[in-house]
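Chain by chain, the residues:
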Amino acid sequence: MKKSIRIIFILVIGILPMRLLSQAIAIPIQIIPAPQQITQSEGQFFFNENTQLVFDNKNSELKNTAIYLQSFLAKATNLPFKVSTKNAPDNNVIYISIDTNLELPSPEGYQLIITKNKVSIIGNSLAGVFYGIQSMRQLLPAAIENNGNVKSLLQFQLPCLQITDYPKFSWRGLNLDCCRHFMDKAFILHYLDVLAYYKMNKFHWHLTEDQAWRIEIKKYPKLTSVGAFRKEKEGNIYGGFYTQADIKEVVAYAAKLNIEVIPEIEMPGHSMAAIAAYPGLSCTKAPLAVANTWGVFKDIYCAGSDSTFIFLENVLTEVFALFPSKYIHIGGDEAPKYRWENCAACQQRMQNEKLKDAHELQSYFIKRIEKFANSNGKKIIGWDEILEGGLAPNATVQSWRGVEGAIAAVNSQHDAIVSPTSHCYFDYSLKSIDLAKVYSFNPIPAGISAENEKYILGGECNMWTEKAPQNLVDSKVFPRLLALAEVLWTNPMPRNFEAFNQRVESHYPRLTSLGIQYGFDKQAITFSIQVNPMAKAFQVELIPAQADLKIVYTLDQSLPQIGNPKAMPYQKTIELQQAGILKAAIQQADTNQLEVFSRQFDIHQAIAKPCTIKVKPSDSYTANGANSLVDGLIGSIDFHDGLWLGFQQNNLEAIIDLGENQKINSIQAHFLQSMPSWILFPESVSLYTSSDGIQFKLYKVMENKFPQNVSETSMQNFTFDLSNTATRYIKVIAKKVDKCPEWHEAAGSEAWLFVDEISIY
Ligand code: ACM
Ligand code: ZN
């Protein structure tokens, strides 16, 4: 949400007299993704009423491309630029052609050569020409995206240059979840336009889920008549679906924009909407409703019944006919195995097929579907769980729980698409993934050989929509998509984020012209906190994402908004000398949009004392390592806030050294629970004391007494009363719940333990 200074400059020079223009300073090249090579030269090409769009008649398909070019130039200027193929003067023309001998590393490559008399766009293929046009479009002022907005053709000038450009990766995608929230067809078509503008070429369309089935299947009408609608907790019915005619329209529209549409039909998990429509598909066969909460659910397709496979094959047959892509995404993620372990048919299948566990049954399931897909000329893609129990022979793996899935896939000569939660989950808040973080993404994971790099097809961003109805999607996808587009196309090495960010700023007016309601590039308010353990005080600086944003804050837990007399304007570093909660927000009139940033401070004896942990947390939740446990900052209810340590494989074992024997009154260890995210309070917390750091004495074991089967995310302190016990070292062992218990929808899956501050008083 920044204003561009640079683009205004271009508009201003647009109204200067021609004589001055020829002396104008070189127009900055702000193309995103940045072209691989640019050589700028003197002068400009000026459009006028007689500029012609000429296509090489050796490639008849170029006519449509020329008409596409004509249509958006005409839209901007209301001028009917003439399209022709021969007898055109080699002067005052935009010439498009295909040259398959360009010797660029990708068929999507192109050259864009602009001289004073002529603009030539030479593609390695039709796609290359299309991308050359996108680059040319980005060299023109943002106003060209607005209908009839270009009042003077003097604005229509292009800098003389030569661009040679091609993508590093052939797979540059967006995965849009149209199930958790329905996105209407017009919105999808609009997204395709904007994806193409940034040279993205894959639209991964997430069409089936627990909460909805969104694609019409003629053989199974209940999939949409029942499965496309859910009864919300408030009682209203929410839903919608795409007819086969809608799908064909989207696919055809995408094809014109060089975008391949890959449908995702989830199996064996995330399938409650289908089961709600046809209960015979599950192990229990019991009727159930389309899910109206988020998370992972126990009821999945029965792997023991052949009727499941007949159903899926019939569904896929219709899907294959609608989507020309050679790929079908079959999901495969987050399928709890509890029902299979308790289903006679599934157990029988395991016995017959000599499968040793439920993971092998999942592998059997996916391989059986792969065989069907392959026999229909299609290749499957699955989330990285499809590696478990043995990968299907020809499958492509989409790595999401980190990049390990991609590494495992390419090491066994399987293709991989990378979209890890660390960099590519655009549903995550800017607190954890901001523009700079996306821009730092390297799609080639460390640890794969140069020879195997070719199996990394590219990457995707994932836009899951549990928390994003259609009207919020723009603010999450943009501007982060611009960073991913450049990572996947240009893949610059090394990266210069500051320079990239300047180009992004110049694109905000373009995004506005394109009708995109983009969000911030980083979280609106960042905390910079210094702790002074001697003075027992914190210095808190609040940094706005943009200098012109005003911040208000409170210290009494009330909302920091206009009209609250306790809300103070932020002017300078705040000094806090006692425990409390600081809440801050950008000052704005619309309090419905209020986003509150908060930090909870605690003042205790262990702040900034040496702290070690025996086994490091999961890479996704490292916070600031062991120091986070003694930094005086207590994690918030948002477990992505960067303050929590998360463990999925190990218990927490932390040792804090107070420096000398001290009398301790009490100790509070803070934990978080989020049942739908498989994060559970610890089974028990044990406290040990020691004066030498070698011999530890067990002080107390505290079993968890807080309820776990509650859907709300909550935080609890495990509090130990030490009654003035003297100790120098404190050891805390928090024993995590091993697997999600039977009552849990993800029963049997590895549970998480989340811990933050260990406060010592
Ligand atoms: C996923 O995020 N469950 C692929
Ligand atoms: Zn079963």
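To keep things clear, this report deals only with the structure shown in the data block. Numbers given to residues run from 1 along each chain, matching the order in which its sequence is written. Each chain takes a letter, starting from A, and each ligand takes a number, starting from 1, following the order in which they are written. This being a predicted model, a pLDDT of at least 70 is required before a residue's local features are given, and a value of 80 or more before pairs of side-chain atoms are given or counted; all residues contribute to the totals for chains, interfaces and linings. Only heavy atoms go into the side-chain values, all of them from the structure, while hydrogens and water stay out.

## With respect to the overall build of the protein chain
The number of helices and strands found in the protein chain is 18 helices and 32 strands. Computation of the radius of gyration draws on C-alpha atoms, with the globule rule given as 2.2 Å multiplied by the number of residues to the power 0.38. Its C-alpha atoms give the protein chain a radius of gyration of 29 Å, within 12% of the compact-globule value 27 Å for 761 residues. Across its three principal directions, the C-alpha atoms of the protein chain cover 95 × 70 × 55 Å. Exposure categories follow from relative accessible area, calculated using a 1.4 Å probe and restricted to protein chains: below 20% of the type maximum is buried, above 50% is exposed, and the middle band is partly exposed. Evaluated residue by residue, the protein chain yields a buried proportion of 58% over its 761 residues. By sequence separation, contacts in the protein chain at least 24 residues apart represent 73% of the contacts at least 6 residues apart. Here the protein chain has roughly 30,700 Å² of accessible surface; of this, 51% comes from carbon and sulfur atoms. Each helix is a run of DSSP H or I of at least 4 residues and each strand a run of E of at least 2, with the numbering of both proceeding from the N terminus. Residues are treated as being in contact if the distance between any of their heavy atoms lies within 4.5 Å. Note on areas: these come from Shrake-Rupley sampling with a 1.4 Å probe, and a residue is covered only by the protein chains present in the view.

## Overview of the side chain of H744
Checked against the element boundaries, H744 lands in the loop between β31 (714–735) and β32 (753–760). There is a polar contact of 2.8 Å between the side chain of H744 and the backbone nitrogen of A746. When residues no more than four places from it in sequence are discounted, the contact partners of H744 are K298, M675 and W678. Residues adjacent in sequence count toward polar contacts only when both atoms are side-chain atoms; beyond that, a polar contact is any pair of N or O atoms within 3.5 Å, and within protein one must be able to donate a hydrogen and the other to accept it.

## Some points on the sheet that holds strand β18 (residues 525–532)
Two strands are said to pair when DSSP picks up at least two bridges between them. Strand order in the open sheet made by the 3 strands is β18-β19-β22, with antiparallel pairing throughout. Each having just a single partner strand, β18 and β22 (574–576) make up the two edges of the open sheet. Within the sheet, the average angular offset between the axes of one strand and its neighbour, ignoring direction, is 25 degrees. Relative to β22, strand β19 (residues 537–544) is paired through 3 bridges, and the arrangement is antiparallel. Paired with Q539 across the two strands is E575, which belongs to β22. Axis lines are fitted to C-alpha atoms, over the contacting stretch for helices. Their N-to-C directions set the angle, which ranges from 0 to 180 degrees.

## Thoughts on the packing of aromatic side chains
A pair of Phe, Tyr and Trp rings is counted when the ring centres sit within 6.5 Å of each other, with Trp represented by its six-membered ring. The angle between the planes then sorts it: under 30 degrees is stacked, over 60 is edge-to-face, the rest tilted. In this structure the tally under the stated criterion is 43 aromatic pairs. When the centroid spacing of 4.9 Å and the interplanar angle of 85 degrees are considered together, the rings of F47 and F156 count as edge-to-face. Taken together, the residues span a long stretch of sequence, with F47 in the loop between β1 (37–46) and β2 (52–55) and F156 in the loop between α4 (126–139) and β7 (157–165) at a distance of 109 residues. On the basis of relative accessibility, which here comes to 4%, the residue F47 falls in the buried class. Look at F156 and you get buried, because its relative accessible area is 0%. An angle of 75 degrees between the planes, with centres 6.5 Å apart, marks the rings of F696 and Y729 as edge-to-face. Taken together, the residues F696 in the loop between β29 (684–690) and β30 (697–703) and Y729 in strand β31 connect sequence positions 33 residues apart. For Y729, a relative accessible area of 13% translates into the label buried. Put simply, the rings of Y68, F72, F130, Y131 and W489 pair up and form one aromatic cluster. Lysine and arginine charges are scored as sitting over a ring when NZ or CZ, respectively, is within 6 Å of the ring centre and within 35 degrees of the ring normal. A cation over a ring is seen here: K199 above W489, with NZ or CZ 5.6 Å from the ring centre. One cation-aromatic arrangement involves K731 over F696; the distance from NZ or CZ to the ring centre is 4.7 Å.

## Thoughts on the coordination of the zinc ion (ligand 2)
Here the zinc ion (ligand 2) is held by C283 (SG), C302 (SG), C343 (SG) and C346 (SG), and the distances to it run 2.3 Å. Water is not part of the atom set, so a site may look incomplete; the donors themselves are N, O and S atoms within 2.8 Å of the metal, or 3.2 Å for Na, K and Ca. For a four-donor site, all angles between 85 and 135 degrees give tetrahedral; for four or six donors, opposite pairs above 155 degrees with the remaining angles between 65 and 115 give square planar or octahedral; all remaining cases count as irregular. Here the zinc ion (ligand 2) is ringed by 4 donor atoms whose angles at the metal span 106 to 113 degrees, and the overall shape comes out tetrahedral. All donor residues of the zinc ion (ligand 2) come from one chain, and their arrangement in sequence is C-x18-C-x40-C-x2-C. Residue C283 is found in the loop between α8 (272–277) and α9 (306–322), and its partner C346 is found in helix α11 (residues 344–352); the two are separated by 63 residues along the sequence. The class of C283 is buried, set by a relative accessible area of 14%. On the basis of relative accessible area, C346 is assigned to the buried category, the value being 0%.

## Some thoughts on the side chain of K378
Looking at the secondary structure, you find K378 in the loop between α12 (358–375) and β14 (379–383). Counting rule for charge: Lys and Arg are taken as positive, Asp and Glu as negative, and neither His nor the chain ends is counted. By definition here, a salt bridge exists when the distance from a side-chain nitrogen of Lys or Arg to a carboxyl oxygen of Asp or Glu is within 4 Å. Buried K378, no salt bridge; nearest opposite-charge side chain is E260, N-O distance 8.2 Å. If near-sequence neighbours (up to four positions away) are discounted, K378 is found in contact with F320, F323, P324, S325, K326, I328 and A373.

## Let's talk about α9
Helix length check: α9 (17 residues) gives 25 Å between terminal C-alpha atoms against 24 Å at 1.5 Å per residue, within 8%. If you check which residues of α9 are buried, you get T308, F309, F311, L312, V315, L316, E318, V319, F320 and L322. Looking at the buried positions of α9, the neighbouring elements they touch are α6 (222–225), α7 (244–256), β12 (260–267), β13 (327–331), α11 and α12. The span one expects for a helix is its residue count, reduced by one, times 1.5 Å.

## Quick word on the pairing of β14
With 4 of 5 residues buried, β14 lies mostly within the body of the structure. One ladder, built from 3 bridges, connects β13 with β14; its direction is parallel. Bridging across to β14, H329 finds its partner in I381. In this sheet, strand β15 (residues 396–399) lies alongside β14 in parallel orientation, the contact comprising 3 bridges. In the sheet register, W383 faces β15, and the bridge partner there is Q398.

## Comments concerning the sheet that holds β12
The sheet built from 8 strands closes into a barrel, its strands ordered β8-β9-β12-β13-β14-β15-β16-β17 with parallel pairing. Neighbour-to-neighbour, the strand axes of this sheet turn through a mean angle of 30 degrees, independent of strand direction. Examined bridge by bridge, strand β16 (residues 416–418) and strand β17 (residues 456–463) share 3 bridges and lie parallel to one another. Of the residues in β17, the one forming a bridge with V418 is G459.

## Section: α12
With 18 residues, α12 extends 26 Å from end C-alpha to end C-alpha; this agrees with the ideal 26 Å at 1.5 Å per step. Within α12, the full set of buried residues consists of A358, E360, L361, Q362, S363, Y364, F365, I366, I369, E370, F372 and A373. At its buried positions, α12 is contacted by β12, α9, β13, α10 (338–341), α11 and β14. Capping the start of α12, D357 holds a side-chain oxygen 3.1 Å from the backbone nitrogen of H359, two or three residues further along. Looking one or two places after α12, you find G377, whose phi comes out positive at around 75 degrees.

## Brief notes about unusual backbone geometry
In this structure, the amide linkage connecting F478 to the following residue, P479, adopts the cis form with an omega of 10 degrees. Residue placement: P479 occurs in the loop between α16 (470–477) and α17 (480–489). Here the bond from M493 into P494 is cis, since omega is -10 degrees, no more than 30 degrees from zero. Relative to the helices and strands, P494 is located in the loop between α17 and α18 (497–513).

## Considerations on the environment of V418
With respect to the secondary-structure elements, V418 resides in strand β16. The class of V418 is buried, set by a relative accessible area of 0%. Sequence spacing of V418 and I667 is 249 residues, and the spatial spacing of their C-alpha atoms is 43 Å. Leave out the neighbours within four places in its chain, and V418 touches S399, V403, A406, C424, F441, P443, I456, G458, G459 and E460.

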